[in-house]
Amino acid sequence: MALKKCRECRNEVSPKAETCPHCGIKLKERVWLGCLLFIAVLSAPFFPGFSLGVGVVLVASILAHLYVPPLRLGMGKFLRVSSDRPIRRVMKLMGFGFIAALLIFASVGTYSMQRRSDEAASQQAADDAVRAQADEAAKAQVLRLVDKAKTALAEGKLDGAVQALDEASKVKRARNRGLIVDLQASIKNSIDPAWVRHLLIGLPAAEFEAFRVEGQTPKSFSLGYAILTDRVVMTAKTQLETAAIERAENKKKADEKAAAEKLAEAAKAEAERLAAVRKADERKKAEAAAIQAAKPALEVESFEWSAGEYGNRFLKGVVVNNTGKSYRYASVQFNLYDASGAQVGSAIANVNNLEPHGKWKFEASVLQDTATKARLIGVNGY
């Protein structure tokens, strides 16, 4: 049986041997150790405890092999290193040391990053809490000042209300500034001529006349506080004439617009009526054309028996040309029958140059004295 060389000490051993008798290294590959180290490297960012444990065990194994003689042989077998090949042994130990250092540093770095992230989250939460507290304090301060301004308005102290609102508008981080803006707008609008004139123009006619003649305050002038309502009334009295002129102009424009809309509606109705009439005429023309198209080109309108001056008999009638073309030659034919129903002959009449849509009064001679009945055979032409 051929021998093979040990990959560690390079001595010849039996191919069936599981361990080398010279260096004690297991001859079969230890795949699980490589897989374990590979998994530990990949999992370092996600499971740093596992990677750190593997790195520490690997460092302890290397140190035990180097500095603890009783464990040197066992750790050498575990790490698959042999003292018979010093260069290979050093290279393997350096490789294991590098992997162990990589695992330890990666795990420590992950722990450090997690700690910094936790500290940043804690700091952010603390900052948010401080900001929320400041926001609540600012909100409460604004509410207090707005209530103070409302109280001042209710007591008729306009200057005190304005001062409280100015102080409230200087409060930072207040999320309820709408309360300040609404109250300031009411105070400002109460003496704004344009805003008050707009109110006057929008009043119903009865309320406007009642305010103009009797001085009755409209409901829309009320701003919730008597002092503001009085200011609106005083301002409105100075805008009465201007508002009356604008109301008259607006009414005139509205009347003109209504008249124009009425005329437009009448014109639209007339247009719809004319369209309906045209549509009815077109429908009638289409029906007449359809009826005309259904008629034969040459049609016998009517015929009857007639007797001549000398006792001779005729079949007289009218042939109508229902087309728009002329016929150079046209003829009408009848079969003649006696009283028993037997055919006794025929009668024919013809004409030249039958005009478009023209009528031809024909006379077909009946030469058979026994003929008492006639049946139209056809009308032909070209």
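Residues numbered from 1 in each chain as written. Predicted model: local features only at pLDDT ≥ 70, side-chain atom pairs only at ≥ 80, totals over all residues. Heavy atoms only, no water.

Q: Break down the overall build of the protein chain for me, with residues and values.
A: When its secondary structure is counted, the protein chain shows 10 helices and 8 strands. Principal-axis analysis of the C-alpha atoms gives the protein chain an extent of 165 × 115 × 35 Å. Taking all 382 residues of the protein chain together, 30% fall into the buried category. In the protein chain, the share of contacts with a sequence separation of at least 24, taken over all contacts with a separation of at least 6, comes to 59%. When the accessible surface of the protein chain is summed, it comes to about 24800 Å², and 58% of that surface belongs to carbon and sulfur atoms. Here the protein chain carries 56 positive and 42 negative side-chain charges, and the mean point of each set is 16 Å from the other. (Helix = DSSP H or I, 4+ residues; strand = E, 2+ residues; numbered from the N terminus. Buried < 20%, exposed > 50% of the residue type's maximum accessible area, 1.4 Å probe, protein only. Contact = heavy atoms within 4.5 Å. Areas by Shrake-Rupley, 256 points an atom, 1.4 Å probe, with all protein chains shown as cover. Lys, Arg positive; Asp, Glu negative; His and termini not counted. Charge placed at Lys NZ, Arg CZ, Asp CG, Glu CD.)

Q: Give a description of the pairing of strand 4 (residues 313-321) that names residues and reports values.
A: Judged by how many residues are buried, strand 4 sits mostly within the fold: 7 of 9 residues are covered. As judged from the 9 bridges shared by strand 3 (residues 298-307) and strand 4, these two strands associate in the antiparallel manner. Within strand 4, the position partnered with serine 306 by the bridge is phenylalanine 314. Between the end of strand 3 and the start of strand 4, which pair antiparallel, lie 5 residues, with glycine 311 showing a positive phi angle near 90°. In the sheet, strand 4 pairs with strand 7 (residues 359-366) via 8 bridges, with the strands oriented antiparallel. (Pairing = 2+ DSSP bridges.)

Q: Tell me what's going on with the pattern of salt bridges, and back it up with residues and numbers.
A: Enumeration according to the criterion identifies 11 salt bridges in this entry. With a closest N to O distance of 3.0 Å, arginine 173 and aspartate 135 form a salt bridge. Taken as a pair, arginine 173 in the loop between helix 5 (158-169) and helix 6 (177-189) and aspartate 135 in helix 4 (residues 86-154) lie far apart in primary sequence, 38 residues in all. Here aspartate 135 falls in the buried class, since its relative accessible area comes to 12%. Among the salt bridges present, the one from glutamate 241 reaches arginine 212, with a minimum N-O distance of 4.0 Å. With a gap of 29 residues between them, glutamate 241 in helix 10 (residues 240-294) and arginine 212 in helix 8 (residues 205-214) connect regions that are remote in the sequence. Residues participating in the shared-partner salt-bridge network are Asp135, Arg173 and Arg175. (Salt bridge = Lys/Arg side-chain N within 4 Å of Asp/Glu carboxyl O.)

Q: Any details on the packing of aromatic side chains? Residues and values, ideally.
A: Any two aromatic rings considered together are summarised by their centre-to-centre distance and by the angle between their planes. One pass over the structure, following the stated rule, counts 5 aromatic pairs. A ring pair is formed by phenylalanine 303 and phenylalanine 334, whose centres lie 4.9 Å apart and whose planes are at 55°; its orientation type is tilted. Residue phenylalanine 303 is located in strand 3, and its partner phenylalanine 334 is located in strand 5 (residues 327-337); the two are separated by 31 residues in the primary sequence. Through a chain of ring-to-ring contacts, the aromatic side chains of Phe303, Phe334, Trp360 and Phe362 assemble into a single cluster. (Phe/Tyr/Trp six-rings, centres within 6.5 Å; stacked < 30°, edge-to-face > 60°.)

Q: Tell me about unusual backbone geometry, and name the residues and values.
A: Look at arginine 173: it is not a glycine, yet its phi comes out positive at around 65°. Here asparagine 353, not a glycine, exhibits a phi torsion of approximately 60°, which is positive. The topology assignment puts asparagine 353 in strand 6 (residues 343-354). Asparagine 353 sits in the exposed class, given a relative accessible area of 59%.

Q: Got a sec to walk through the packing of helix 2 (residues 48-67) against helix 3 (residues 69-79)? Specific residues and values, please.
A: At a minimum axis distance of 7 Å, the contact between helix 2 and helix 3 shows a crossing angle of 130°. By the criterion of interaxial angle, the relationship of helix 2 to helix 3 is oblique. Note that helix 2 runs across helix 3; the crossing there is left-handed. Packed against helix 2, whose contacting residues are Leu58, Ser61, Ile62, Ala64, His65, Leu66 and Tyr67, the element helix 3 presents Pro69, Leu71, Arg72, Met75, Gly76, Phe78 and Leu79 at the interface. (Axes fitted to C-alpha atoms, helices over the stretch in contact; angles between N-to-C directions. Parallel < 35°, antiparallel > 145°, perpendicular 65-115°, else oblique. Left-handed = near helix turned anticlockwise from the far one by under 90°.)

Q: Go over the packing of helix 7 (residues 193-202) against helix 9 (residues 226-238), please, and point to the residues and values.
A: Packing of helix 7 against helix 9 leaves a shortest axis separation of 9 Å and a crossing angle of 80°. Compared by their axis directions, helix 7 and helix 9 come out roughly perpendicular. The segment helix 7 lies against helix 9, with Pro193, Trp195, Val196 and Leu200 engaging Val232, Thr235 and Ala236.

Q: Break down helix 7 for me, citing the residues and quoting the values.
A: Because an α-helix packs 3.6 residues into every turn, residues spaced three or four apart end up facing the same way. Here helix 7 has its buried residues at Val196, Leu199 and Leu200. The buried residues of helix 7 occupy one face: seen down the axis, they fall within an arc of 100°. Opposite the buried face of helix 7, at more than 90 degrees from it, the exposed residues are His198 and Gly202. (Arc of directions from axis to C-beta.)

Q: Explain the sheet that holds strand 5 to me, and be specific about the residues and the numbers.
A: Pairing between the strands of a sheet comes from backbone hydrogen bonds, and it takes one of two forms, parallel or antiparallel. Read from one edge of the open sheet, 3 strands run 6-5-8, paired in antiparallel fashion. Strands at the two margins of the open sheet, each flanked by one partner only, are strand 6 and strand 8 (373-381). Mean inter-strand twist for the sheet, computed between neighbouring axes without regard to direction, equals 15°.

Q: Provide a residue-level description of a nonpolar patch on the surface, including the pertinent values.
A: Together, Phe38, Ile39, Leu42, Phe46, Phe47 and Phe50 make up an exposed nonpolar region whose accessible area comes to about 700 Å². Counting residues per element, the nonpolar patch draws most heavily on helix 1 (residues 31-42), which supplies 3 residues. Positionally, phenylalanine 38 belongs in helix 1. (Patch = residues over 30% accessible without salt bridge, like charges linked within 9 Å, V, L, I, M, F, W, Y side chains within 5 Å.)

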